[in-house]
Amino acid sequence: MAMSDLTLPRAHTPERATSESLLARIALIGTAGCFLAAVLFLPLIVVFVEGFRKGAEVFFDSFTDSDTLAAVRLTLLVAAIAVPFNAVFGLSASWAIAKFSFKGKNLLLTLIDLPFSISPVISGLVYVLLFGAHGWLGHWLKANGVEIIFAVPGIVLATVLVTFPFVARELIPLMQSQGTAEEEAALTLGASGWHTFFNVTLPNVKWALLYGVLLCNARAMGEFGAVSVVSGHIRGLTNTMPLHIEILYNEYNFVAAFAVATMLAGLALVTLAAKTLLEWRFSHSLAAAHRH
Amino acid sequence: MSVPVKIRDLEKSYGRYPALKGVSLDVAAGELVALLGPSGSGKTTLLRTVAGLEQAETGNVFFGDIDASQLSLRERRIGFVFQHYALFRHMTVLDNVAFGLRARPRATRPSDQVIRARAMDLLGLVQLDGLEGRYPTQLSGGQRQRVALARALAIEPRVLLLDEPFGALDAKVRKDLRKWLRDLHQRTGHTTLFVTHDQDEAFELADRVAILNKGVIEQVGPAAEILERPATAFVASFVEGIARPETRPLARDGSVIRIARAH
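As the structure is a computational prediction, the values presented were derived from the model and not from experiment.

Draft legend 1. Up close: the overall build of chain B. When its secondary structure is counted, chain B shows 8 helices and 10 strands. Here the C-alpha radius of gyration of chain B, 18 Å, is about what a compact globule of 263 residues would show, namely 18 Å. Across its three principal directions, the C-alpha atoms of chain B cover 55 × 45 × 35 Å. Looking at chain B as a whole, 51% of its 263 residues are labelled buried. For chain B, the exposed area adds up to about 11700 Å²; of that, 48% sits on carbon and sulfur atoms. Within chain B, one finds 37 positive and 31 negative side-chain charges whose respective centroids are separated by 4 Å.

Okay, structure coming up:
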């Protein structure tokens, strides 16, 4: 090896294969930077600027409004139900898909992707057609005094449907790449199915699971389309934060609208920060998993 | 502790493709038998069926007098070693080895100290003292496979099943581990079945070799016997060019004479 070092002619100006001229680099990076600023950062800044336009006092006053507080509470409630639900079912579905072979597996995979591919409005309409007053089950529900559409259950259902793929989509590729050898090893060593799941399968996907839960949570809190269809926009009762923001905005109550928007954006930023932190952790354990 | 294994008329197919076509084999207690064959010959399927990881359509496996089909996978107490180790990547070496004991129901589970001591003993047996705190990714391939072996031995298995244990290792490490496994087997005396596609490995390691082809065992016997009197044309062509193992001559009664190796 030392020989070849000596015999190889040395390049005087080693050029990297990937280098571009300075001008081209500035132009490309500048374009990308401007685009990001205009599309991503500017709106975020506008939300905060508009929220504080009439001073901090008016800004904080917006949160004392009982309808606003009800919207915040509802959003948190919906996320608190939809996220654990989708975490459990997303994990179950991924586990079934990645670790077993059965008939209808591809159909299940397609179904999981369905909420990603159809418009959220349709996701909402499906429930109206099913449970609405004129829907398939409408009469029966009304006769039994069960309210789903224009009530909290409908909002939860629509949110669950729209956010279902996040956890499953995060877990399936990872679980498939990990295969079933570790589970087989655990079973031959005498572990029960539950012991294997909690001590082998789950620890191997815990970072991906948390990551999926965060994404699912962000979407659950921010979902507008599907929820808008089933909610009925009853103030203080069936308005989530995104719906409440729209109402305030349509009433020219800009400061209040942007104040609530800052809160929603704040939740998103916290989620993003947590996600970045996880990605950093996750990349290590992912890399370890791949080296294995 | 070690029991004989009786395999009777196992048949299994994947869809329309038959993997095992009526395989029978007897393995004496404490014997080391190699399942040798080209890829697709059914050797891994046979091993996984004995382990209970695959279900045969017909046929039986007996561990001693016990019909294995009466036992669930966890009741079989099989020490299975996988080609790609299948170590628990998020656990230390010690936790990997202790897994089988910790997974026992509370009534039969030893105390934490006993488990730890037993795992440390096993790590000594596979010559990995001092590495108990490492994670699998921090070990070489040969070390990982020894951890996998220690983990399998920890549950005091009825039978040890090795699926191409050295298949993923380089030639030098393979040779070292071969010798080492032979010595370990002589010390622990487990009934052992191991799968390989490497003729040299099979003939050097095993008491007897079973040669599989297309889901059928074509010949079973000690190395010298197979090399001198191949039963079928396939066996003859498959073992062609293998050096006769001089260390393991055939005695008059057909059994293998063991010669202590000088180190």
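Draft legend 2. Structural view of the side chain of Ser231(A). Residue and element names in this part refer to chain A. The residue Ser 231 is located in helix α11 (residues 225-231) in this model. Among the residues examined, Ser 231 registers a relative accessible area of 0% and is labelled buried. A polar contact is formed between the side chain of Ser 231 and the backbone nitrogen of His 233, at a distance of 2.8 Å. Contacts of Ser 231, omitting those with residues within four sequence positions, involve Phe 150, Ala 151, Ile 155, Thr 238, Asn 239 and Leu 243.

Draft legend 3. Representation of the environment of Thr262(A). Residue and element names in this part refer to chain A. Looking at the secondary structure, you find Thr 262 in helix α13 (residues 254-291). With a relative accessible area of 5%, Thr 262 lands in the buried category. As a C-alpha pair, Thr 262 and Ile 45 span 217 residues in sequence and 9.6 Å in three-dimensional space.

Draft legend 4. Up close: the pattern of salt bridges. A complete count under the given rule lists 22 salt bridges over all chains for this structure. The salt bridge involving Arg219(A) is made with Glu223(A); its shortest N-O contact spans 2.9 Å. In the salt-bridge network here, residues are joined through shared partners; they are Arg174(B), Arg178(B), Asp198(B), Glu201(B) and Glu204(B).

Draft legend 5. Quick peek at the sheet that holds strand β5 (residues 66-67) of chain B. Residues and elements named next belong to chain B. With respect to topology, 4 strands assemble into an open sheet ordered β2-β1-β4-β5, the strand pairing being antiparallel. Two strands in the sheet have a free side with no partner beyond their single neighbour: β2 (17-27) and β5. One ladder, built from 2 bridges, connects strand β4 (residues 58-63) with β5; its direction is antiparallel. Residue Phe 63 lies in a different strand from β5, and its bridge partner there is Ile 66. Here helix α1 (residues 43-51) sits on the sheet and contacts β1 (5-14), β2 and β4; the angle it forms with β1, its principal contact strand, is near 115°.

Draft legend 6. Spotlight on the interface of chain A and chain B. Every contact between the two is made by 21 residues of chain A and, on the other side, 23 residues of chain B. Here chain A and chain B share an interface that buries about 2000 Å² over both sides, 61% of which is from carbon and sulfur atoms. Where chain A packs against chain B, one counts 2 salt bridges. The salt bridge involving Arg48(B) is made with Glu184(A); its shortest N-O contact spans 2.5 Å.

Draft legend 7. Examining the packing of helix α4 (residues 141-154) of chain B against helix α5 (residues 171-188) of chain B more closely. Residues and elements named next belong to chain B. Contact pair α4 / α5: the axes reach a minimum separation of 11 Å and the direction vectors enclose 20°. What the angle tells us is that α4 and α5 run roughly parallel. Considering only the axes of α4 and α5, their crossing is right-handed. The residues of α5 that touch α4, namely those facing Gly 142, Arg 146, Leu 149 and Leu 153, are Val 173, Leu 177, Trp 180, Leu 181 and Leu 184. For the contact of α4 with α5, the per-class residue count stands at 7 nonpolar, 1 polar and 1 charged.

What counts and how
- Residues numbered from 1 in each chain as written.
- Chains lettered and ligands numbered in written order.
- Predicted model: local features only at pLDDT ≥ 70, side-chain atom pairs only at ≥ 80, totals over all residues.
- Heavy atoms only, no water.
- Helix = DSSP H or I, 4+ residues; strand = E, 2+ residues; numbered from the N terminus.
- Rg over C-alpha atoms; globule rule 2.2 N^0.38 Å.
- Buried < 20%, exposed > 50% of the residue type's maximum accessible area, 1.4 Å probe, protein only.
- Areas by Shrake-Rupley, 256 points an atom, 1.4 Å probe, with all protein chains shown as cover.
- Lys, Arg positive; Asp, Glu negative; His and termini not counted.
- Charge placed at Lys NZ, Arg CZ, Asp CG, Glu CD.
- Polar contact = N/O pair within 3.5 Å; in protein donor to acceptor, adjacent residues only side chain to side chain.
- Contact = heavy atoms within 4.5 Å.
- Salt bridge = Lys/Arg side-chain N within 4 Å of Asp/Glu carboxyl O.
- Pairing = 2+ DSSP bridges.
- Axes fitted to C-alpha atoms, helices over the stretch in contact; angles between N-to-C directions.
- Buried area = accessible area lost by both parts, 1.4 Å probe.
- Parallel < 35°, antiparallel > 145°, perpendicular 65-115°, else oblique.
- Left-handed = near helix turned anticlockwise from the far one by under 90°.
- Nonpolar A, V, L, I, M, F, W, Y, C, P; charged D, E, K, R; others polar.

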